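One-letter residues, chain by chain:
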Amino acid sequence: MNGAESLVRTLVASGVEVCFANPGTSEMHFVAALDRVDGIRAVLGLFEGAVTGMADGYGRMAEKPACTLLHLGPGLANGLANLHNARRAATPLVNIVGDHATYHAQYDAPLASDIMGFARPVSAWVHSSPSALTVAADGARAVQAALSPPGQIATLILPADTAWNEAEGEARALPRPQASEVSDEAVYRAVAALKNGKKTTILIRGAALKERGLRAAGRIAAKSGARLACDTFTPRLQRGAGRVAVNRIPYFAEQIVEFFADTEQLILVGAKPPVSFFAYPGKPSWGLPQGCIIHYLAHAHEDGTGALEALAEALGAPAEPAHIAPLKKPDGIADKFDQYTIGQVIARHLPEGAIISDEGATSGAGTTLATATAAPHDHLSLTGGSIGQGIPLATGAAVAAPGSKVVCVHGDGGAMYTLQALWTQAREKLDVTTVIFANRSYAILNIELARVGAGNPGPKALSMLDLHNPELDWTKLAGGLGVEASRATNIKDFESQFAAAMRGKGPRLIEAVLG
Ligand SMILES: Cc1ncc(C[n+]2csc(CCOP(=O)(O)OP(=O)(O)O)c2C)c(N)n1
């Protein structure tokens, strides 16, 4: 058995089931090994930004490490933006990055680069295997590092000779690290805080935003009156009918300040104190009012769900949570074509257990609003602000959850970054419906241009934010990538196209022309 096969066998033994790949010459032994080992699915992406985004979507839904296979420094570098988003999402992810054979490094061949340098800023764990004899053990360590709570990125560099040289065999899987329990003191502090009469917000992030954690949070709210909140952009939020609804922090700096204006104390569960996305001249970056007290019930690496349950018990909270969202699907949708009516159509037809990949940008609010009382679903958002995540994220989520309908809502500007993932949806026959908000604009940047006080924009500045001339034709783009597509210019057509997509199976794209 060569090093590559020992690594693939070790990854499978460690629970890795899918490898999202865009390989090159130095990864050929790894690619060949994929056929010799059962239990690993290989999914090709036509650009590394698509590959890493798919791995992120897979990891968020499967809660198992996705593995990527990337081609030396340039392949990794092409994938960095979505690795940045994955790092912000705390997604468990293992990158395998091929490299030149160890003895070839001295010649500085054209593809040689500082792979470690590319990997470090996004990786919690980076290692280059020195020998075929260590590759398997290094692979087991990479998976363990990726699974270290709350989830992180591990990058294993695989020089070509460590892949092709003879290995001793696969390595045993290492124990999966578990989120640690919070201390009794942390729970007692939170109990005392919730009884001190101060106005309290509980800000939750991570796995505690799934049904179990939310129920416990809803019980705490029922007993204490504390407000429940989540960040503007959460890796995965379970919401919709029957789930405890949490208040999403708004996006802009002054809205955040207003949101927290009367919060006297903040209890953090896996979250960080709220700050604005960008700094703006003369506006605050820090979201909390002066004097607001911060308590940590659970840090990000701790078991936030268990902590909320312990707190609910310690408070003597009732069994029934507050703020359970009812099932209320929109009826009487107005004959207008905008993000709000589109969101209502999506909410009306969204099947139970669906997954929404949300990179709707300035058009996303309509869907978020309307789906609050739609059938229960998972909501995945753009965690690191690096646009071009939504389509790959949806693709990876569909690989992880083959029984679920995936709906991707996307700005047309961001969607152009990684539309290659549509091809993977077609090839893998994934059940994803993509809605493109074709406003023909970088609309958010038009808003930001005014907000940052950059002065009166001239025609050159405005042309940098405009996507007319030429207009993108999403039906042709998707069709060319093998995905059936249609265009809607009014809400009736949109509804019939979206309803058909929800009834059917397989990849579909609808271009909603808004601009
Ligand atoms: C990788 C990366 N490049 C550039 C940006 C800057 N940026 C933020 S939003 C945006 C345009 C988004 O346009 P679109 O997806 O069409 O949404 P809209 O603003 O029109 O709603 C750009 C270019 C970014 N956030 N990330």
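Above this note sits the structure.
Residues numbered from 1 in each chain as written. Predicted model: local features only at pLDDT ≥ 70, side-chain atom pairs only at ≥ 80, totals over all residues. Heavy atoms only, no water.

Caption draft 1: Region of interest: the nonpolar core. Formed by 47 residues in total, the largest nonpolar core has its most connected members in Phe 20, Leu 76, Ile 355, Ile 391, Leu 422, Val 432 and Leu 509. Aside from chain neighbours lying at most four places away, what touches Leu 76 is Leu 70, His 71, Leu 83, Val 97, Ile 115, Phe 118 and Ala 119. Formed by 33 residues, the second largest nonpolar core is a distinct cluster that contains Val 191, Ala 307, Leu 308 and Leu 315. (Core = buried A, V, L, I, M, F, W, Y, C linked by side-chain atoms within 4.5 Å. Buried < 20%, exposed > 50% of the residue type's maximum accessible area, 1.4 Å probe, protein only. Contact = heavy atoms within 4.5 Å.)

Caption draft 2: Inspection of the packing of aromatic side chains at higher detail. Scanning all chains against the criterion turns up nine aromatic pairs. Aromatic side chains Phe 233 and Tyr 251 sit 6.1 Å apart centroid to centroid with 75° between the ring planes, which places their arrangement in the edge-to-face category. Taken as a pair, Phe 233 in the loop between strand E8 (227–230) and strand E9 (237–239) and Tyr 251 in the loop between strand E10 (247–248) and helix H11 (253–259) lie far apart in primary sequence, 18 residues in all. By relative accessible area, which is 23% here, Phe 233 ends up partly exposed. Taken together, a centroid distance of 4.8 Å and an interplanar angle of 75° make the contact between Tyr 251 and Phe 252 edge-to-face. Each member of the pair, Tyr 251 as well as Phe 252, carries the same accessibility label: buried. The structure contains a cluster of three or more aromatic residues connected by ring pairs, namely Phe 233, Tyr 251, Phe 252, Phe 277 and Phe 278. The aromatic ring of Phe 259 is capped on one face by Arg 227, whose charged end is 3.9 Å from the ring centroid. Above the ring of Phe 260, the side-chain terminus of Arg 227 is found at 5.6 Å from the ring centroid. (Phe/Tyr/Trp six-rings, centres within 6.5 Å; stacked < 30°, edge-to-face > 60°. Helix = DSSP H or I, 4+ residues; strand = E, 2+ residues; numbered from the N terminus. Lys NZ or Arg CZ within 6 Å of the ring centre and 35° of its normal.)

Caption draft 3: Seen up close, a nonpolar patch on the surface. Among the surface-exposed residues, Val 275, Trp 286, Ile 294 and Tyr 296 lie close enough to one another that they form a single nonpolar patch of about 360 Å² accessible area. Looking at where Ile 294 falls in the secondary structure, it is placed in strand E12 (residues 293–298). (Patch = residues over 30% accessible without salt bridge, like charges linked within 9 Å, V, L, I, M, F, W, Y side chains within 5 Å. Areas by Shrake-Rupley, 256 points an atom, 1.4 Å probe, with all protein chains shown as cover. Salt bridge = Lys/Arg side-chain N within 4 Å of Asp/Glu carboxyl O.)

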